[in-house]
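Here's the letter readout for the chains.
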Amino acid sequence: MVHVSKVTKKIGKYHSQIRRFRNQKKTVRIIHFLTHRGMKQHNRIHLQVFLRGLRLAFNEFIFPSVCTCCGDALSERDRYLCDTCLTFRFDMARQTDPLLLPDCVRSSFALWNFDKGEVLQDLLHMIKYQNIPQAGIELGQELGRQWLASGNATPNLVQKVLTCKEPKTGIYKQMCLVPVPLHQSKFRKRGYNQAEKIALGVTEQTEIPLVKDQSVIKTRKSISQTGLQLKQREKNVRGSFEVKIPQEIGNKIVFIIDDVFTTGATTFELAYELDRAGAQEIHILTVAIA
Ligand SMILES: [Zn+2]
């Protein structure tokens, strides 16, 4: 008897799905008639614009767009972070003393100071694990903007970028952004690499091109660096990166892009590998510094 009632329930569900599908088809047919056959072209366009506006207003009512960081209403629908969060919420970063960098790294620039257990940590965690890659791009745009505005981290380089009139030529051809790669298995699980999304935002602001996909890869899976001491972190990532297409790196001014710079174990390990592949200069750009 239990089985029969289950089957009946299932059949009922299918019937209601079919009915819904038929109704949807009917609605689509009516809209199609109104917008394509029964009206003159200018009226048709007005109706289409009106219907689109109605749909947006409906979506706005049901799913209002709010800032991923603070939850305040956003003025633009396709944005994830509000101007207040991008401009004022976080402390501008203290920059790493160049003396603390390995010889092969020319400079390191971070946007904000990492706030353990606070909003920025939550935001970066969300971008990594909650499938909001667009927010990563917005952080990258801010990172690119502030790097250009800073001037003092890499004065000559910023000057060269700002004075180059023709993107994709001259200095741009000698530069590339290298997001810290994810191991393939992690990439498949997450669906995207957050460092790559940040790099996309930096590209939009600076015009510095992104390195060709799969030029630099992570060959070995490492465990999370969180909670590890410096030596353990270094051991964890040692030999885990490989430059697959050396001509993409050789003689180039390379910018390593990542979300957080903590001890530098990961970015430095990648820098050593890029240096071995013949990079001319290596710089590091990160959203936060811990
Ligand atoms: Zn906000």
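Residues numbered from 1 in each chain as written. Predicted model: local features only at pLDDT ≥ 70, side-chain atom pairs only at ≥ 80, totals over all residues.

Colleague: Honestly, the nonpolar core in this entry has me stumped. Any pointers?
Modeller: Ranked by internal contacts, the top residues of the largest apolar core, which has 62 residues, are Val 178, Val 254, Ile 256, Ile 257, Leu 274 and Ala 288. Among the elements that line this core, the one with the most residues is strand 5 (residues 253–261), at seven residues. When residues no more than four places from it in sequence are discounted, the contact partners of Leu 274 are Val 178, Val 243, Ile 249, Val 254, Ala 279 and Ile 282. (Core = buried A, V, L, I, M, F, W, Y, C linked by C-beta atoms within 7 Å. Buried ≥ 20, exposed ≤ 12 C-beta atoms within 10 Å, placed from the backbone. Helix = DSSP H or I, 4+ residues; strand = E, 2+ residues; numbered from the N terminus. Contact = placed C-beta atoms within 7 Å.)

Colleague: What is the right way to look at the sheet that holds strand 2 (residues 175–179) in this model?
Modeller: Two modes of strand pairing occur in sheets, parallel and antiparallel, and in both the strands are linked by backbone hydrogen bonds. Reading across the sheet, the four strands line up as 1-6-5-2 and stay open at both edges, with parallel pairing between neighbours. Where the open sheet ends on each side, the last strands, each with one partner, are strand 1 (107–113) and strand 2. The average angle at which neighbouring strand axes cross in this sheet is 20°, direction not considered. Here five bridges tie strand 2 to strand 5, and the two strands are oriented parallel to one another. (Pairing = 2+ DSSP bridges. Axes fitted to C-alpha atoms, helices over the stretch in contact; angles between N-to-C directions.)

Colleague: Would you explain the environment of Ala 279 in this entry?
Modeller: With respect to the helices and strands, Ala 279 occurs in the loop between helix 11 (265–276) and strand 6 (281–289). With 24 C-beta atoms counted inside 10 Å, the residue Ala 279 sits in the buried group. Once the C-alpha coordinates of Ala 279 and Pro 246 are considered, the two residues, 33 residues apart in sequence, prove to be 9.0 Å apart. With residues near it in sequence (within four places) discarded, Ala 279 still touches Ile 249, Lys 252, Val 254 and Leu 274.

Colleague: Teacher, can you tell me more about the pairing of strand 2 here?
Modeller: Within strand 2, five of the five residues are buried, which leaves the element mostly enclosed by the surrounding structure. Burial along strand 2 is two-sided: Met 175, Leu 177 and Pro 179 facing one way and Cys 176 and Val 178 facing the other are all buried.

Colleague: Could you clarify how one ought to interpret the packing of helix 10 (residues 230–237) against helix 11 in this entry?
Modeller: Between two packed helices, the angle of one axis relative to the other and the distance separating the axes together describe the packing. The N-to-C vectors of helix 10 and helix 11 enclose an angle of 40°; their axes lie 9 Å apart at closest approach. Considered as vectors, helix 10 and helix 11 are oriented oblique to each other. The handedness of the crossing between helix 10 and helix 11 is right-handed. Along the contact surface, helix 10 presents Leu 230, Arg 233, Glu 234 and Val 237, while helix 11 presents Ala 265, Thr 266 and Glu 269. When grouped by side-chain class, the residues that make up the contact of helix 10 with helix 11 number three nonpolar, one polar and three charged. (Parallel < 35°, antiparallel > 145°, perpendicular 65-115°, else oblique. Left-handed = near helix turned anticlockwise from the far one by under 90°. Nonpolar A, V, L, I, M, F, W, Y, C, P; charged D, E, K, R; others polar.)

Colleague: Sorry, what's going on with the environment of Gln 121 here?
Modeller: With respect to the helices, strands and loops of the structure, Gln 121 is situated in helix 4 (residues 119–129). Given 15 C-beta atoms within 10 Å, Gln 121 falls into the partly exposed group. For the pair Gln 121 and Val 260, spaced 139 residues apart in the sequence, the C-alpha separation amounts to 9.5 Å. Setting aside residues up to four positions removed in sequence, Gln 121 forms contacts with Phe 114, Asp 115 and Lys 116.

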